[in-house]
Amino acid sequence: MGELTHLDAAGAANMVDVSEKAATTRTARAEGLVLMRPETLRLIREGDAKKGDVIGTARLAGIMAAKRTHELIPLCHPLLLTKVRVECEPDEALPGLRVAAEVKVTGQTGVEMEALTAVSVACLTIYDMVKAADRGMRIEGIHLVSKEGGKSGTWRVGEAE
């Protein structure tokens, strides 16, 4: 297990100094699920939610959240993101929506938190937009799927640390 980089010698939380790190292209992907009743998924698919386009709004909310991650997570660096893609795919078998985000930057630190934040906020937006129809929805399984770039290279879920 690696060393905790956000703690100083006395154990106080600090923002990591990345000034000496090389700027490289870094990408992260994250996923999550919003589980719901079949009727709720049908409502979303047919565009009949009272608040409007659930999937389109969740996509935009996820993109906006990725761009503002440093305002939400105290020790994250502000980054000039070069790509944020959020997808919300209906899955009748769940039933629910599969939410995925891909975030990219050329910089000195990774974008894992931005991808995770994008998925989290997109899932919360879906919940908010249809909670009147289904308060029993569940947000589950938000996790990092992969990361590329930087000193540690490539990592994919299921690989050894």
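These figures come from a predicted structure and were not determined experimentally. (Residues numbered from 1 in each chain as written. Predicted model: local features only at pLDDT ≥ 70, side-chain atom pairs only at ≥ 80, totals over all residues. Heavy atoms only, no water.)

Comments concerning the overall build of the protein chain
- Scanning the protein chain from N- to C-terminus turns up 4 helices and 5 strands.
- Each principal axis of the C-alpha distribution contributes one length, and for the protein chain these read about 50 × 30 × 30 Å.
- Looking at the 161 residues of the protein chain, the share that counts as buried comes to 38%.
- In the protein chain, the share of contacts with a sequence separation of at least 24, taken over all contacts with a separation of at least 6, comes to 71%.
- Carbon and sulfur atoms provide 55% of the accessible area of the protein chain, an area that totals close to 9,400 Å².
- The averaged location of the 23 negative side-chain charges in the protein chain is 3 Å from the averaged location of its 21 positive side-chain charges. (Helix = DSSP H or I, 4+ residues; strand = E, 2+ residues; numbered from the N terminus. Buried < 20%, exposed > 50% of the residue type's maximum accessible area, 1.4 Å probe, protein only. Contact = heavy atoms within 4.5 Å. Areas by Shrake-Rupley, 256 points an atom, 1.4 Å probe, with all protein chains shown as cover. Lys, Arg positive; Asp, Glu negative; His and termini not counted. Charge placed at Lys NZ, Arg CZ, Asp CG, Glu CD.)

Observations regarding the environment of L80
- Tracing the backbone through its elements, the reader meets L80 in the loop between α3 (69-72) and β2 (83-91).
- With relative accessibility at 77%, the residue L80 sits in the exposed group.
- C-alpha separation for the pair L80 and V105, spaced 25 residues apart in sequence, amounts to 6.7 Å.

Description of the UniProt feature "active site" (unreviewed entry) in the protein chain
- Under the UniProt annotation, the feature "active site" (unreviewed entry) is placed at D128.
- Residue classification places D128 among the partly exposed residues on the basis of a relative accessible area of 34%. (UniProt positions renumbered as here; feature names shortened; annotations may be inferred.)

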